[in-house]
Amino acid sequence: MSTSSQSYPMSGGDDQHSYIHNSSYQKAGIDGVQEKARQYILENLDLLNMNPNLSTFTIADFGCSIGPNTFHAVQNIIDIVKLKHLKKPQENSRVAPLEFQVYFNDLPNNDFNTLFRTQPPSPKQEYFSVGVPGSFYGRVLPRNSIHIGNTFFTTHWLSKVPEEVCDKNSLAWNKNYIHCNNLIEEVTEAYKVQFEKDMGVFLKARAEELVPGGLMITLGQCLPDGVAMYETWSGIVKDTIGDCLQDMATLGVTTEEKIEMFNLPVYFPQVSELKGAIEQNRSFTIEMMEIVSHPLEAVQLSNNFITSMYRAILSTVIERHFGHSVVDELFRQFAKKLSEHPIDFEKCKKQMVYHIVLRRK
């Protein structure tokens, strides 16, 4: 993504290799919608109404992890704003260059040292960088301090696992599964309620941090209405990882009790749920909401790619609950299961990528 689960940075060896695969998957999603975002900002960002004497433009990336996608996204925004600034009407022919301040936000346990070490080299200082540790499910910046915020593939990570799904006395106890796969109605409802709460807190905080007229750009994954997570290839992956944990309990590597108390703090909303959660916040107008296919959704991903990507995504939360010694064996068994029972991508239903631009009223 645990009590707060924006992202789980990897470090060293196999985990670094895994992180690269996960980063590649996310970058493909970002690149798939980049041109429309560029065009929207170029046509609609109103620099004059924000501040006629604007000299410093501020950008915040929420859930930045350790790069490189965050730098790619931020640089794209800067390039567009610079072009927009040059087109701004001026009283004289001289246009003073804008300075840019970029806030990189993630949880306090994020490796900010790695983040800043991997910033792309530049012949001149394109922007001033600041690391901002803290959960984005709450304020992390001063009021009216940023002009554009963006977050990519983060808000499906919840602030916490719903308590009911780990309660043996609850109808929402998710005993046989490690995530919300939409097979148990009460489990789905518990996750949905938590997602709506978190999205409300996220948008309320961003509404306070953005200047009036500022933009919040959000990219993430959701489900088409009527599609269940267990019908998608990523749902099958997480169910298979759960099966591997059960096999490890049988071998004595972990215990049934630990598995029963483990659930991922992740929820992929259906499109209508996502739109409804956003509309609950009255501080924004939805300027653009586009639902597209992920460029790699129709591609037969290799077993190695899938294993590496999900190791990057889940290693930290699994290690936190089960201990470090479980991770290597878990993903060894997972790779073996994928080899024995490959995912039939053609039969799987598709998740979607949403691309949303909100304007602060």
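Residues numbered from 1 in each chain as written. Predicted model: local features only at pLDDT ≥ 70, side-chain atom pairs only at ≥ 80, totals over all residues. Heavy atoms only, no water.

Caption draft 1: Highlighting the overall build of the chain. The helix and strand tally for the chain stands at 10 helices and 7 strands. Per-residue burial over the chain gives 56% buried out of 361 residues. A total accessible area of about 16,000 Å² is found for the chain, and carbon and sulfur atoms account for 50% of it. (Helix = DSSP H or I, 4+ residues; strand = E, 2+ residues; numbered from the N terminus. Buried < 20%, exposed > 50% of the residue type's maximum accessible area, 1.4 Å probe, protein only. Areas by Shrake-Rupley, 256 points an atom, 1.4 Å probe, with all protein chains shown as cover.)

Caption draft 2: Geometry of the pattern of salt bridges. What the rule picks out here adds up to 12 salt bridges. A salt bridge links R139 to E208; the shortest N-O distance between them is 2.9 Å. Note that R139 is positioned in the loop between β3 (128–133) and β4 (146–152) and E208 in helix α5 (residues 185–209), a separation of 69 residues in sequence. Residues K275 and E279 are paired through a salt bridge, measuring 2.5 Å at the closest nitrogen-oxygen approach. One end of the pair is K275 and the other is E279, both in helix α8 (residues 271–279) and 4 residues apart, which spans about a single turn. Take E279: its relative accessible area is 39%, and that puts it in the partly exposed class. (Salt bridge = Lys/Arg side-chain N within 4 Å of Asp/Glu carboxyl O.)

Caption draft 3: Here's a closer look at the nonpolar core. Core analysis: the biggest nonpolar cluster contains 36 residues, and W233, I306, Y310 and L314 have the highest contact counts within it. When residues of this core are traced back to their parent elements, those giving at least two are α6 (233–250), α9 (303–322) and α10 (324–340). Element by element, the count of residues in this core is highest for α9, at 9 residues. With near-sequence residues (within four places) excluded, L314 lies in contact with W157, I241, L264 and F331. Counting residues in each nonpolar core, the second largest holds 35 residues, with A60, F202, C222 and I356 among its members. (Core = buried A, V, L, I, M, F, W, Y, C linked by side-chain atoms within 4.5 Å. Contact = heavy atoms within 4.5 Å.)

Caption draft 4: The packing of α6 against α10, seen in detail. The interhelical angle for the contact between α6 and α10, taken along N-to-C directions, is 120°, at an axis separation of 9 Å. Put simply, α6 runs oblique to α10. As α6 runs across α10, the sense of the crossing is right-handed. Every residue of α10 that contacts α6 at V237, T240, I241, D243, C244, L245, D247 and M248 is listed here: V326, E329, L330, F331, Q333, F334 and K337. Of the residues that constitute the contact of α6 with α10, the class distribution is 9 nonpolar, 2 polar and 4 charged. (Axes fitted to C-alpha atoms, helices over the stretch in contact; angles between N-to-C directions. Parallel < 35°, antiparallel > 145°, perpendicular 65-115°, else oblique. Left-handed = near helix turned anticlockwise from the far one by under 90°. Nonpolar A, V, L, I, M, F, W, Y, C, P; charged D, E, K, R; others polar.)

Caption draft 5: Region of the structure containing the confidence of the model for the chain. For the chain, per-residue confidence averages 87 on the pLDDT scale, and residues scoring 70 or more make up 85% of the total. By mean pLDDT, helix α1 (residues 13–44) is the weakest element of the chain at 63, and α5 is the strongest at 98. Of the regions scoring below 50 in pLDDT, residues 1–5 engages in 21 contacts with residues more than four places distant in sequence or in other chains. For residues 7–21, every residue scores under 50 in pLDDT, and the model assigns this stretch 47 contacts once sequence neighbours within four places are set aside. (pLDDT = per-residue confidence, 0-100.)

Caption draft 6: Layout of the side chain of T307. Along the polypeptide, T307 turns up in helix α9. By relative accessible area, T307 is classed as buried at 12%. The contacts of T307, once residues within four sequence positions are left out, are F331, F334, A335 and L338.

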